[in-house]
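# Reading the structure
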Amino acid sequence: MLSNRLAVVLITALAPAVWGTTYLATTELLPPHRPLLAAVIRCLPAGLLLIALTRTLPKGGWWWRALVLGALNIGAFQALLFIAAYRLPGGIAATVGAVQPLITAGLSAGLLGDRLTLRTVLSGIAGVAGVSLLVLRADARLDAAGVAAALGGAVVMAFGVVLSKRWASPAPLLATTGWQLTAGGLLLVPVTLLGEGAPPTRYTADNLLGYAYLCLIGAALTYVIWFRGLRALPPTSLSFLSLLSPVVATLVGWLALGQDLSPLQALGAAVVLGSLIVAQTQRTRPAAAAPAGSGPDLRPDPLRENA
C-alpha cells in the first residue's frame, strides 16, 4: 500500500511540476496583455481533444456538475492565474497562491468531514514561508488586482478540488477531464471577448509554440495526471503538491534565464519540500457524509466508475 501511494504521489507531482513552467512560457513566448486568451487557448482545444478521443458526454446531473467543476478547476482558475502572471512578479503570485493547501484543508473539514490537524496547519504555514523565501523579492511591486487574482485563484481551485472529490465521477478519467477543460474554456470565451476584444490575427512562431505547449502538455496531459491523483489521494495531500510549481519555476528561471539562486532560496526550497513530505505522510480519516439539511446535496453519484 505504501509503495502504491508513493507511486501515485510521484506521478501526480508531475502535473504541478509542469505547471511551474507556465510563467516562463507566458512571459517569454505569448503575446503581451492577453491573459484570458491564453487561458482559452490552453483549455478549450485540450478539452475538445479529450472528448473526441473518448466520445463520451455527461449524463443526467453530470451536465451541471461538469459545468460547476469546469468553472472552478479550469475557467475561473486559469483566468485568475494568467491575470496574476501578467500583473505580478512571479514571486508575489506564487506566495499568495501558496495558501491553497490551507484553504483546501479548511474546506475538506467543512464539506468532507476530514479532520483539520495542527500538523496540517503548520505544514501549510511552512509551505507559504518556504515559497516566500524561494521567490519573494524585497523590491517586488504589489498590484492590488494581481494579488486579488492570485488569492482568488487559490480559493476557486481549492473549492474545485474538494467538490471533485465529493462528486465522484462515473465516467472514465479522460472523459471527465475533457468535460471540465471544455466547460471551463467555453465559459472563458465570452469573458475574453468582452475583456480583451477580438484575438490577434497574426501570431509569431514563438506564440504558436507557447500556445501548443500550454494546451497539449500544460493542460491535456497534466490535468489528466492531476485528476487521476485526485481520485486516489485526499484533497489536502493533493493540494500540497501544488507547492512544487514555484520550486520548478525558480529552477527553470535559474537554468533557462540565468537567474541567481541564493542560499536563502535553497533554504526556501528545502522548507517547501519538507512541508510536502510531512503532508504526504499524514493519515486522514475517511470522508464523512454531509449532515442532513446542512446545504446542497453533495453526495457522490450512486454510479461507479466504469473504467
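Residues numbered from 1 in each chain as written. Predicted model: local features only at pLDDT ≥ 70, side-chain atom pairs only at ≥ 80, totals over all residues. Heavy atoms only, no water.

The next thing to look at is the nonpolar core. For soluble globular proteins, nonpolar side chains are generally found buried alongside one another. Counting residues in each nonpolar core, the largest one holds 51 residues, and the members touching the most others are Val 131, Trp 179, Leu 181, Tyr 223, Trp 226 and Leu 243. Counting residues per element, this core draws most heavily on helix 11 (residues 205-232), which supplies nine residues. Excluding residues that lie within four positions of it along the chain, Leu 243 makes contacts with Ala 98, Pro 101, Gly 127, Val 131, Val 272, Ser 275 and Leu 276. Ranked by size, the runner-up nonpolar core spans 13 residues in total, among them Ala 25, Ala 79, Leu 188 and Tyr 211. (Core = buried A, V, L, I, M, F, W, Y, C linked by side-chain atoms within 4.5 Å. Buried < 20%, exposed > 50% of the residue type's maximum accessible area, 1.4 Å probe, protein only. Helix = DSSP H or I, 4+ residues; strand = E, 2+ residues; numbered from the N terminus. Contact = heavy atoms within 4.5 Å.)

With that out of the way, let us pick up the packing of helix 4 (residues 35-54) against helix 11. The N-to-C vectors of helix 4 and helix 11 enclose an angle of 55°; their axes lie 8 Å apart at closest approach. When the interaxial angle is binned, helix 4 and helix 11 end up oblique. Note on packing geometry: the crossing formed by helix 4 with helix 11 is right-handed. On helix 11, the residues that touch Leu 37, Ala 38, Ile 41, Arg 42, Pro 45, Ala 46, Leu 49 and Leu 50 of helix 4 are Tyr 211, Leu 214, Cys 215, Leu 216, Gly 218, Ala 219, Ala 220 and Val 224. In terms of residue class, the contact of helix 4 with helix 11 is built from 14 nonpolar, one polar and one charged. (Axes fitted to C-alpha atoms, helices over the stretch in contact; angles between N-to-C directions. Parallel < 35°, antiparallel > 145°, perpendicular 65-115°, else oblique. Left-handed = near helix turned anticlockwise from the far one by under 90°. Nonpolar A, V, L, I, M, F, W, Y, C, P; charged D, E, K, R; others polar.)

By the definition in use, this model includes six aromatic pairs. Taking 5.3 Å as the distance between ring centres and 80° as the angle between the ring planes, the aromatic pair formed by Trp 64 and Trp 167 counts as edge-to-face. Taken together, the positions of Trp 64 in helix 5 (residues 62-87) and Trp 167 in the loop between helix 9 (144-166) and helix 10 (173-196) put the pair 103 residues apart, joining distant regions of the chain. For Trp 167, a relative accessible area of 4% gives the class buried. Centre to centre, the rings of Tyr 203 and Tyr 211 are 6.1 Å apart; their planes meet at 80°, and the pair counts as edge-to-face. For Tyr 211, a relative accessible area of 6% translates into the label buried. These aromatic residues form a ring-pair network of at least three members: Trp 19, Tyr 223, Trp 226 and Phe 227. (Phe/Tyr/Trp six-rings, centres within 6.5 Å; stacked < 30°, edge-to-face > 60°.)

What follows concerns the environment of Ile 74. For Ile 74, the position within the fold is in helix 5. For Ile 74, a relative accessible area of 0% corresponds to the buried category. Put simply, Ile 74 and Tyr 223 are 149 residues apart on the chain and 9.5 Å apart in space, counted from C-alpha to C-alpha. In this structure Ile 74 touches Cys 43, Leu 69, Ala 79, Gln 180, Leu 181, Gly 184 and Tyr 223, once residues within four positions along its chain are discounted.

Turning to the side chain of Ser 237, a few remarks are in order. Structurally, Ser 237 can be placed in helix 12 (residues 235-241). Ignoring sequence-local partners within four residues, the contact set of Ser 237 consists of Arg 5, Ala 279 and Gln 280.

With that settled, the discussion passes to helix 14 (residues 263-280). At 3.6 residues per turn, the α-helix brings residues three or four places apart onto the same side. If you check helix 14, its first and last C-alpha atoms are 26 Å apart, about what 18 residues at 1.5 Å a residue would give, namely 26 Å. Burial in helix 14 covers these residues: Gln 265, Gly 268, Ala 269, Val 272, Ser 275, Leu 276, Ala 279 and Gln 280. End-on, the buried residues of helix 14 take up no more than an arc of 130°, which puts them together on one face. In helix 14, the exposed positions angled more than 90 degrees off the buried face are occupied by Pro 263 and Ile 277. (Expected span 1.5 Å × (residues − 1). Arc of directions from axis to C-beta.)

For the rest of this paragraph, the subject is helix 10. Here helix 10 contains 24 residues, and its C-alpha end-to-end distance of 33 Å stays within 8% of the 34 Å for a straight helix at 1.5 Å per residue. Of all the bends in helix 10, the greatest reaches close to 30° and is centred on Val 189; the proline Pro 190 follows between one and four positions later. Two residues or fewer past helix 10, Gly 197 is found with a positive phi of approximately 80°. (Bend = angle between axes of the 7 residues up to and from the residue.)

Here Thr 222 is to be found in helix 11. Of note is the side chain of Thr 222, whose polar atom sits 2.9 Å from the side chain of Trp 19. A distance of 3.5 Å separates the side chain of Thr 222 from the backbone nitrogen of Ala 219, its partner in a polar contact. (Polar contact = N/O pair within 3.5 Å; in protein donor to acceptor, adjacent residues only side chain to side chain.)

Attention now goes to the environment of Val 131. As for its position among the elements, Val 131 is in helix 8 (residues 118-135). Separated by 142 residues in sequence, Val 131 and Leu 273 place their C-alpha atoms 10.0 Å apart. With residues near it in sequence (within four places) discarded, Val 131 still touches Ala 94, Thr 95, Ala 98, Leu 136, Leu 243, Pro 246 and Val 272.

The next subject is the packing of helix 4 against helix 10. It is the contact of helix 4 with helix 10, at a shortest axis distance of 7 Å, that shows an interaxial angle of 150°. What the angle tells us is that helix 4 and helix 10 run roughly antiparallel. At the point where helix 4 passes helix 10, the crossing takes the left-handed sense. Classifying every residue of the contact of helix 4 with helix 10 by side-chain character gives 19 nonpolar, seven polar and one charged.

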